[in-house]
Every structure is written in C-alpha cells, then in structure tokens.
2 protein chains.
Amino acid sequence: MSTINRQWILKQRPSGFVDQDTFEYRESDCPQPNIDAGEVLIKTLYLSFDPAMRGWMDDKPSYLPPVGIGEPMRASGVGQVIASGHPGFPKGSLITGLLSWQEYILLDSTSAEQLHILPEGTEPSMALSAFGGTSMTAYFGLLDVGQPKAGDTVLVSGAAGATGSVVCQIAKLKGCKVIGIAGAADKCAWLKTECGVDETIDYSNEDVAAKLAELAPLGINVFFDNVGGSILEAGIEHMAEHSSIVLCGSISAYNDTEHSPGPSNLMLLIARRIRMQGFIMLDYLSRIDEFNAEFGSWFMEGKIKTQEDIQEGFDNIPTTLVRLFAGKNKGKQLLKLAEPK
Amino acid sequence: MSTINRQWILKQRPSGFVDQDTFEYRESDCPQPNIDAGEVLIKTLYLSFDPAMRGWMDDKPSYLPPVGIGEPMRASGVGQVIASGHPGFPKGSLITGLLSWQEYILLDSTSAEQLHILPEGTEPSMALSAFGGTSMTAYFGLLDVGQPKAGDTVLVSGAAGATGSVVCQIAKLKGCKVIGIAGAADKCAWLKTECGVDETIDYSNEDVAAKLAELAPLGINVFFDNVGGSILEAGIEHMAEHSSIVLCGSISAYNDTEHSPGPSNLMLLIARRIRMQGFIMLDYLSRIDEFNAEFGSWFMEGKIKTQEDIQEGFDNIPTTLVRLFAGKNKGKQLLKLAEPK
C-alpha cells in the first residue's frame, strides 16, 4: 500500500465554468485507520462525474452542504475497503456512495454506514452507471414525478446523456412515444438505433420548436428536462393540456456566472394546467427495492442499453469534469483509478 | 323592452394594454327569440371584470376560443331571462355564466344550458363575487392544487384582489400562517384588519425579497401567485423544500407586447423539490357541490369577507376593464347595468 494519498482539492469556487484554477493537486500522507474505533479505510476505484457536482461547489445552501475550500472534491464513486474496524464493511468489500477526489478515504464508523455494499458479482463501473444513481434518477423521475401513461408522448432533453438515455428506454418500456433532443447527429442516431427512440431532434442543427410542432402535433404529455434554458422554453410551448414537466437538471445554466432569464412562456402552465416539478434522487433511496426489482429485471433481460465513457488516470480527474460540461462524453462519464483486488 | 341592443364589440386585438381603439360601441336591433325553437333571451344585469379576459382577446389557442373581431367582448355576468322557449330557464330566472358586453343576449337551447340558475335569494352581485368563479378559483386553487397543511406558511400575491383576499381567508381557516403581498398601504391594512392576514408586504414601498426572508425564515410552504414576474421570482427564492406554487394568474404580464423573461431561479425547483402547477377554475365546475357546502357554510357564518367594487353605466364598460388592469379596484370589479325585475 502507498504511503502517500493523492488528492484534488477545491482551491477556489468557480464563478462560471471550472478552469485550471478551480482545483489543486495535493499529496498528503495516507490516512491510518483506528481499527478499535471502528474506522474504515477505502481505496477509490472509480469516480462518477455528474452535472450536479457543479452546484456542490457554490457557497450556498442546498440539499447537500457546499464542498469546503481546501477539501477534496466530492463525487459519487466505487471503492474497496482495505482496512476496517466496522463489521458491516469487512476488508475487501466493494462499496459505493459519496466519496471524493482522493485515492484513500478514511471514514468513521457512522460515515461508513452511508455507503452501500455492491451486490455480489456487480461490475464496479455498473454500480455508477446502469445500476447507479443515474438510472435511479431516470426511473423515479420519469415514473414517480412524470407519471406517463401508455400512449403518451414523452419528450426527453439531454436524451443521449446518462440519465436521458435511460429515461427514453423506460418510457418506451411503458408504451410511450418518445422524442429525444440531443446535440449531435451521432447521438441522435444512437438514440434511434440502440435506445429505440421514435423521433430525435438535433438541437445543434435543427429548430427545436419547429420540429416539436411537427413531431408532437397533439402536444407533449410528459417532458423530462435535463437542460433548462431555451430547450425548456421550446418544450413548454408544445406541452399538451394537463401535462407534466419533470425538472431533473439544467446543465445549460450550471456554469452561468449570472442567472439566465427563465422561460418567457410560463403563463402557459396556467392555460394548459401544466405541472412542473423538481426532484432529487436522494429522496428515493428508501424506495431502492422498487428500482432494483423492476429496473433490475429489465436490465437482466437486456432491455436497457447503457453507455459508459471511462477515462483513466488520477491526473485527468479535473479535465474529465470539463469534458462532461462540454458535452463530449458518450454515455455515463466515469474515471477508473484502480481495479479491485 | 328596448328595441335597440347596445354592445361593446372587439374592434381590434390589443398588442399591449387595451386602449380606446380596442373596443367599439355599436347599436343593433334587439334580438327576437324563436320560442318554438327553445331559444332564450337574457337581459344583462351585472358584468364581471377578470384578468383572464385579456387572454381571451389574443388570437391564439387557449382553454377558450379567442373572442372574434366584431363580436361583443366575452365576460362572466349575471342576467335575467326575459323570454324563453326552454323549460329549464323560465322567464324571470336569474342566471350566471359566460355572457358578453351587450344589453341583450340571445342563446339557443344548447348554449342556454351552459348557464346556471342563481339559488333563491342570492344577491345578483354575490353570484359574481363571494359565490362566483372568483371564490371557486380561490377555493380549489388553494386547497386542491396548493394542498396546505395546518401550520404551513402560505404566501399570496395580489392578496388584496378578489381572488387573493379569499385565498388568504381560506388559508387562515385551515390553520396556516398567511403573508399577503399587495401594492398599497391601505390594501395591506385592509388585509390585516378585515381578512386576518398575519403579515403583509407592500410591494410598492418594500423590498419583497428582503421582507420574505424576514417573515418566512423557514420558507414558504404554499405560494398562491396571481401576479407572475418579479414577485414570482422573489417568492421562488424563499420557498421551503417540498413546497408548492399555485399559478393562478400573472397579471403583471397580461398586457405585455412581448413575453417578459421568466424567473431566473427556476433551478431552485430542483434543489428544493418544488411543484409549480397551473390551473383553471372551469375544470372544477363538476365539483361545485364541495365548494357550496364548505365555502357556503363559512360564508353564512360570516367567516369570509369580500369587497365589491361596483361601477355603473353601459358607457363605462371599457374603462372599468382598464381600471382592473391599473389595479385601482378595491375588491371584486363589477359593473351594474340594471336591477332584476
């Protein structure tokens, strides 16, 4: 085992996009667990990169406290227990949960209990992609918040992203017509051929509002929005009466230095009796069994396709986050640090 | 009975506020009902003036078709049947429903069935104020869409308006803490002394966001918004987690020539899991018995105070609509044309 612990710490809060001054590389001594006190030492194997991480860097109250200046950046990840004083997390266990950008993480007994042990035989990266928070976000956001019925027209923005592509496939499994919006022709092609999406709109080359009018002449029943901004506005314009908009994210605005104006057509929510609702996947952790049962069986039957974009190397952690916000990832953005032993 | 029928017709669609070119005075012959065909002739007694009327003048699809150019302007009203071939609407009956800006209205048998007969002894103006669509809007919007619980903090914008003031009082009857936003000191005083509102914010003299931070330190649980624009944005900023925003109207934007930008802080709907939902009172007509039972008993027990602002005179119809949009009305804006006979 190494005697040093490599870390990427939050050096200063970004005012817009993250850049080379946002994070700082640091080496510290590898922490030593106090086994008698129940401490657990984790070695980081995989890191997940998620749009929500941008919000965690801002110094304002939200559903999680902001990452502190000088602390390793918070991230979902998969790790392996390499020393443990907690009987629930024996040495060798593979775990997933909120980790951080460092090779070794020392947790006290209580903090360790926030982790989940990977079911036997789970591929570590899968715990962050197909079986991770991304798919839970898609599952509960679409079904519990959006509540589509068979035959509904479902619109998904950021459709080729990790969450969006799973939303599209769940909607198809529930008998809906699915329109996916993505930012490149190859992403649109992948959505049609691999994910079974009925119609796609390439927002980098097509007029989203005009295409929506053509593709959803009776209006959209459920809009799962990962993007915000002008895409949200175009979607609102084409919602059906008594429809719903699931606000999952607004990646278009996460890096704004100032708040962008919101959609100018919110009045349509009244005339068309539209429900617009935000949600956070963490609220659904107590319902993980529902997800494992239904989503797990779809997955085992090969009915859900996921893509992983796995970068490698500790040095590449910050640039992989930039890669995500630049929309260059194909599928779930991960970074691999080590194999389990 | 008069042989002429005075009318105010929609001359041209306004691009912003209604002005002297929006409506045109016209006299036509008083219509003669075909009694054998079941036709009904109504004499208009009271007209109601409602923010939603502005939307009815725009040539775009909505929950009701636009008023046609050259047609009398549509309005809720109370009238009296003066000749009838429909056994359900005998001569002398007082009715309420969607009428229009003319002294006499001829309805075929099917159209007449959209009207409601006033319960015996109802004061005609009350059918448009305390017992009218305005109070139904307040009742179902707050209770069915907003779903406040006892102890919740409820924010109401346009609180001194016809709908808002009833929302405030229903929220108090349901055990909530109520904060009302209005645009004048005397309106705020009336809300406190007559409607029992706990706290008020005079947006013409006070910083709404700063006052909300002070008055709702734990956040707002239900926000009933009649206004939109910057007031909606300030309210969103102070919503509690798992709260709801009832979109009833956005009088601040009804007369815009261009769409104003929406709230720049919609992302908070995600972090705080906020539900924002629009509604239209017409959807609740089938549940009018619920309203009559609960609201009616409150009213009979003197627990609901309403104000009526009753203008008079056929010539003053267009300026009374302007009066409403200028916020000069004190309570429900009505205009009286005639007494029942």
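About the thresholds
- Residues numbered from 1 in each chain as written.
- Chains lettered and ligands numbered in written order.
- Predicted model: local features only at pLDDT ≥ 70, side-chain atom pairs only at ≥ 80, totals over all residues.
- Heavy atoms only, no water.
- Axes fitted to C-alpha atoms, helices over the stretch in contact; angles between N-to-C directions.
- Helix = DSSP H or I, 4+ residues; strand = E, 2+ residues; numbered from the N terminus.
- Parallel < 35°, antiparallel > 145°, perpendicular 65-115°, else oblique.
- Left-handed = near helix turned anticlockwise from the far one by under 90°.
- Contact = heavy atoms within 4.5 Å.
- Nonpolar A, V, L, I, M, F, W, Y, C, P; charged D, E, K, R; others polar.
- Buried area = accessible area lost by both parts, 1.4 Å probe.
- Salt bridge = Lys/Arg side-chain N within 4 Å of Asp/Glu carboxyl O.
- Phe/Tyr/Trp six-rings, centres within 6.5 Å; stacked < 30°, edge-to-face > 60°.
- Buried < 20%, exposed > 50% of the residue type's maximum accessible area, 1.4 Å probe, protein only.
- Lys NZ or Arg CZ within 6 Å of the ring centre and 35° of its normal.
- Domains from an automatic or database assignment.

J.: Where do I start with the packing of helix H3 (residues 133-146) of chain B against helix H4 (residues 162-173) of chain B in this structure?
T.: What describes two packed helices is the angle between their axes and the distance between those same axes. All names here are of chain B. Running from N to C, H3 and H4 point in directions that differ by 45°, and their axes come no closer than 8 Å. The angle between H3 and H4 places the two elements in the oblique class. Remark: the crossing between H3 and H4 carries right-handed chirality. Between H3, through Thr134, Ser135, Thr137, Ala138, Tyr139, Leu142 and Leu143, and H4, the contact on the second element is made entirely by Ala162, Thr163, Val166, Val167, Ile170 and Ala171. Here the residues of the contact of H3 with H4 are counted per class, giving nine nonpolar, four polar and no charged.

J.: Could you clarify how one ought to interpret the packing of helix H6 (residues 208-215) of chain B against helix H7 (residues 229-237) of chain B in this entry?
T.: All names here are of chain B. Where H6 contacts H7, the two axes come as close as 9 Å, and the packing angle between them is 30°. Overall, the two elements H6 and H7 adopt an arrangement that is roughly parallel. Crossing geometry of H6 relative to H7 is assigned as right-handed. Each of Val208, Ala209 and Leu212 in H6 lies in contact with H7, whose residues at this interface are Ile231, Ala234 and Gly235. Considering only residue class, the contact of H6 with H7 consists of five nonpolar, one polar and no charged.

J.: Can you walk me through the interface of chain B and chain A in this structure?
T.: Many analyses report the size of an interface as the accessible area lost when the parts associate. Listed per partner, the contact involves 32 residues of chain B and 32 residues of chain A. Summed over both partners, the interface of chain B with chain A comes to about 2,500 Å²; 64% of that surface belongs to carbon and sulfur atoms. By the criterion of area lost to chain A, the three top residues of chain B are Met267(B), Ile270(B) and Arg273(B), representing 23% of everything that side buries. Arg273(B) is the partner of Asp283(A) in a salt bridge, and the nearest nitrogen-oxygen pair spans 2.7 Å.

J.: Explanation requested: the packing of aromatic side chains in the structure shown.
T.: Given two aromatic rings, their pairing is described by the distance between the two centres and the angle made by the two planes. Summed over all chains, the structure comprises 30 aromatic pairs over all chains. An angle of 90° between the planes, with centres 5.0 Å apart, marks the rings of Tyr139(A) and Phe140(A) as edge-to-face. A relative accessible area of 2% places Phe140(A) in the buried class. With centroids separated by 6.3 Å and ring planes inclined at 75°, the aromatic side chains of Tyr25(B) and Phe314(B) adopt a geometry described as edge-to-face. Of this pair, Tyr25(B) sits in strand E2 (residues 23-29) while Phe314(B) sits in the loop between strand E14 (308-312) and helix H10 (317-325), and the two are 289 residues apart along the sequence. The ring of Trp56(A) is capped by Arg74(A), whose NZ or CZ atom sits 5.2 Å from the centre of that ring.

J.: What should I look at first to understand the domain arrangement of chain A in this one?
T.: Residue and element names in this part refer to chain A. You can read the domains of chain A as domain 1 (4-129 + 307-336) and domain 2 (133-283). For domain 1 and domain 2, the distance between their C-alpha centroids amounts to 29 Å. Counting residues at the interface gives 20 residues for domain 1 and 15 residues for domain 2. Between domain 1 and domain 2, the buried area comes to about 1,300 Å², and carbon and sulfur atoms account for 56% of it. At the junction of domain 1 and domain 2, the tally comes to zero salt bridges. Here the side of domain 1 that touches domain 2 is built from residues that sort into eight nonpolar, seven polar and five charged.

J.: Would you mind showing me how to read the pattern of salt bridges here?
T.: If the charged atoms of two oppositely charged side chains come close together, the side chains can form a pair. Under the criterion given, the structure shown has 26 salt bridges over all chains. Asp144(A) is paired through a salt bridge with Arg287(A); the nearest N and O atoms lie 3.0 Å apart. Of this pair, Asp144(A) sits in helix H3 (residues 133-146) while Arg287(A) is found in the loop between strand E13 (275-278) and helix H9 (288-300), placing the two residues 143 residues apart along the sequence. Residue Asp144(A) is classed as partly exposed on the basis of its relative accessible area, which comes to 26%. Here Glu290(B) ties to Arg287(B) by a salt bridge, and the two come within 2.7 Å at their closest N and O atoms. Taken together, the shared-partner salt bridges in this structure form one network comprising Asp144(A), Arg287(A) and Glu290(A).

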